[in-house]
Amino acid sequence: GARAAGPAHLRFHSADMEQAIRDRVDMEAMLRHALEHGQLALQYQPRIGLEEGRMKRMVGVEALVRWRHPVLGLVPPARFIPLAEETGMIEELDLWVLRTACARAAAWHAAGLPLGRVSVNLSARQFQHPGLAQRVRAALEDSGLHPAHLEIEITESTVMRDTEVAAGVLRSLKALGVALSIDDFGTGYSSLSYLKQFPIDVLKIDRSFVKDVVIDANDAAITRAIIALAHGLNLEAVAEGVETAEQMAFLQENGCDEIQGFYFSRPLWPEQLEAFMAREAPQPTT
Ligand code: C2E
Ligand code: MG
Ligand code: MG
Ligand code: MG
């Protein structure tokens, strides 16, 4: 192999590195197997509206991918999304997520369940793919999901990487009638002058600010500023990672439109979400 070949000064592989490379190749093969053998699954985390004086209600869900490995168990996305991004497999993975989430959401709407919007995450790679808008259009048409019921989340760092290209991609998606959100907002390096040119609907405040929003004056100031920025640009502000009643109260007092987090619900399997929605739906009178 590579180790035996070449001059000695290029034999830099430590045993650890070789193991890491072998692990990577194994993981890649395992992930491809997972994609092809139905080991990937989606959980859905409710998003809750915070309108003043109204009962809190579910306004949508975020689709989050999981890998159900027969031996490793439930593998979180942080363990395989980065690898899928490096190898390019993320394109297939995101396409599967998009199509699966659209089909599920369309079925729930058809059954009269109060789902609201379903949002899906797109990797930088999928976002830059020239066929993206066509893929999203096909997912909507094949599933029958109304475009207004789909939201696409792109991270701040992805859209800010090349703002000219991003503006064009966002416009092509917006033309389909879907909603667009900037995910993990506040962690990238936003040029605010570009933000106003993007046809977006939602800013999702990153969990890192929400975490200590009640005890850290800086996090509180940043969170208030993002909410004000969103509203100034006619966008909705959504806070992610809300785990306590105190965090929720702070966000409600400061006019945040929606929250998502363990305080209200963890990400749920489809059957669990169906039970959740059944509780949410207006009860029939007898
Ligand atoms: P994200 O899009 O910012 O998703 C929110 C993450 O926060 C999810 O982690 C969710 O489970 C977690 N979360 C929600 N509420 C709370 C809370 O109250 N406390 C804490 N500590 N965490 C909370 P998850 O599912 O592990 O996903 C991590 C990231 O992986 C996502 O961050 C997203 O960037 C990526 N990801 C997930 N699914 C997909 C996918 O289908 N495609 C792509 N490209 N990326 C995905
Ligand atoms: Mg997200
Ligand atoms: Mg997020
Ligand atoms: Mg995040």
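Rules and cut-offs
Residues numbered from 1 in each chain as written. Chains lettered and ligands numbered in written order. Predicted model: local features only at pLDDT ≥ 70, side-chain atom pairs only at ≥ 80, totals over all residues. Heavy atoms only, no water. Donors = N, O, S within 2.8 Å, 3.2 Å for Na, K, Ca; no water. Helix = DSSP H or I, 4+ residues; strand = E, 2+ residues; numbered from the N terminus. Buried < 20%, exposed > 50% of the residue type's maximum accessible area, 1.4 Å probe, protein only. 1 Å grid on protein atoms, 1.4 Å probe; cavity = no way out; pocket = protein on both sides within 12 Å on 5 of 7 lines; lining within 4 Å. Points joined across faces, edges and corners; volume = space filled by probe spheres on them. Nonpolar A, V, L, I, M, F, W, Y, C, P; charged D, E, K, R; others polar. Pairing = 2+ DSSP bridges. Phe/Tyr/Trp six-rings, centres within 6.5 Å; stacked < 30°, edge-to-face > 60°. Lys NZ or Arg CZ within 6 Å of the ring centre and 35° of its normal. Near = heavy atom within 4 Å. Polar contact = N/O pair within 3.5 Å; in protein donor to acceptor, adjacent residues only side chain to side chain. Areas by Shrake-Rupley, 256 points an atom, 1.4 Å probe, with all protein chains shown as cover. Sits in = over half its atoms within 2 Å of the grid points.

## Description of the coordination of the magnesium ion (ligand 4)
Turning to step 1, where the next piece is worked out: Only Asp 184 (OD) and Glu 240 (OE) from the protein coordinate the magnesium ion (ligand 4), and they sit 2.3 to 2.6 Å from it.
Turning to step 2, where the next piece is worked out: Between the magnesium ion (ligand 4) and the magnesium ion (ligand 2) there is a metal-metal distance of 5.8 Å. Of this pair, Asp 184 sits in strand S6 (residues 179-185) while Glu 240 sits in strand S8 (residues 236-240); the two residues are 56 residues apart in sequence, bridging distant segments of the chain.

## Some details on the coordination of the magnesium ion (ligand 2)
Turning to step 1, where the next piece is worked out: Here the magnesium ion (ligand 2) is held by the protein donor atoms Glu 62 (OE), Asn 121 (OD1), Glu 153 (OE) and Asp 183 (OD), which lie 2.0 to 2.2 Å from it.
Turning to step 2, where the next piece is worked out: As a motif over one chain, the donors of the magnesium ion (ligand 2) read E-x58-N-x31-E-x29-D.
Turning to step 3, where the next piece is worked out: The metal-metal distance between the magnesium ion (ligand 2) and the magnesium ion (ligand 3) comes to 3.6 Å, with Asp 183 coordinating both. Placement of Asn 121 in strand S4 (residues 117-121) and of Asp 183 in strand S6 is noted, with a sequence separation of 62 residues between them.
Turning to step 4, where the next piece is worked out: Overall, Asp 183 belongs to the buried group, its relative accessible area being 6%.

## Here we look at the layout of surface pockets
Turning to step 1, where the next piece is worked out: Roughly 960 Å³ of volume is contained in the largest pocket.
Turning to step 2, where the next piece is worked out: Every residue lining the largest pocket is counted, 34 residues in all, and those nearest its centre are Glu 62, Leu 64, Pro 77, Asn 121 and Asp 183.
Turning to step 3, where the next piece is worked out: Class assignment for the residues of the lining of the largest pocket results in 15 nonpolar, eight polar and eleven charged.
Turning to step 4, where the next piece is worked out: One number sums up the size of the second largest pocket: a volume of about 260 Å³.
Turning to step 5, where the next piece is worked out: Every residue lining the second largest pocket is counted, 18 residues in all, and those nearest its centre are Gly 49, Val 59, Glu 236, Asp 257 and Glu 258.
Turning to step 6, where the next piece is worked out: Mapped onto the lining of the second largest pocket, the elements with two or more residues apiece are strand S1 (40-49), strand S2 (57-69) and S4.
Turning to step 7, where the next piece is worked out: For the lining of the second largest pocket, the element with the most residues is S2, which contributes four residues.

## A few points about the pairing of strand S7 (residues 202-205)
Turning to step 1, where the next piece is worked out: Of the two faces of S7, the one carrying Val 202 and Lys 204 and the one carrying Leu 203 and Ile 205 are both buried.
Turning to step 2, where the next piece is worked out: Both S6 and S7 contribute to a ladder of three bridges, which runs parallel. Across the sheet, residue Phe 185 finds its bridge partner in S7, namely Ile 205.
Turning to step 3, where the next piece is worked out: The pairing of S7 with S8 spans four bridges and is classified as parallel. Residue Val 202 lies in a different strand from S8, and its bridge partner there is Glu 236.

## Some details on the side chain of Ser 265
Turning to step 1, where the next piece is worked out: Positionally, Ser 265 belongs in the loop between strand S9 (258-260) and helix H12 (270-280).
Turning to step 2, where the next piece is worked out: Ser 265 gets classed as buried once you look at its relative accessible area, which sits at 6%.

## Quick look at the packing of aromatic side chains
Between two aromatic rings, the relevant description is the distance of the centres plus the angle of the planes.
Turning to step 1, where the next piece is worked out: Inspection of the entire model under this criterion finds three aromatic pairs.
Turning to step 2, where the next piece is worked out: Ring geometry for Trp 67 versus Phe 80: centroids 5.6 Å apart, planes at 85°, classification edge-to-face. With a gap of 13 residues between them, Trp 67 in strand S2 and Phe 80 in helix H2 (residues 77-87) connect regions that are remote in the sequence. Side by side, Trp 67 and Phe 80 carry an identical accessibility label, which is buried.
Turning to step 3, where the next piece is worked out: Between Phe 264 and Phe 276, the ring centres sit 6.4 Å apart and the planes meet at 75°, which makes this aromatic pair edge-to-face. With a gap of twelve residues between them, Phe 264 in the loop between S9 and H12 and Phe 276 in helix H12 connect regions that are remote in the sequence.
Turning to step 4, where the next piece is worked out: Taking relative accessible area as the criterion, Phe 276 reaches 10% and is therefore assigned buried.
Turning to step 5, where the next piece is worked out: In this structure, Arg 68 packs its charged tip against the face of Trp 269, placed 4.8 Å from the ring centre.
Turning to step 6, where the next piece is worked out: Lying over the aromatic face of Phe 262, Arg 266 brings its terminal NZ or CZ to 3.9 Å of the ring centre.

## What about the site of ligand 1?
Turning to step 1, where the next piece is worked out: The full set close to ligand 1 counts 23 residues, and Arg 66, Asp 94, Arg 207, Glu 243 and Phe 262 are the nearest of them.
Turning to step 2, where the next piece is worked out: Asp 183 is positioned such that a nitrogen or oxygen atom in its side chain is 2.9 Å from an oxygen atom of ligand 1.
Turning to step 3, where the next piece is worked out: Separating an oxygen atom of ligand 1 from a side-chain N or O atom of Asp 184 is a distance of 3.2 Å.
Turning to step 4, where the next piece is worked out: In isolation ligand 1 exposes 800 Å². Once the protein is present, 83% of that is buried.
Turning to step 5, where the next piece is worked out: Of all the cavities here, the one that holds ligand 1 is the largest pocket.
Turning to step 6, where the next piece is worked out: Here the shell around ligand 1 gets four residues from one element, more than from any other, and that element is S2.
Turning to step 7, where the next piece is worked out: Class assignment for the residues of the shell around ligand 1 results in nine nonpolar, five polar and nine charged.

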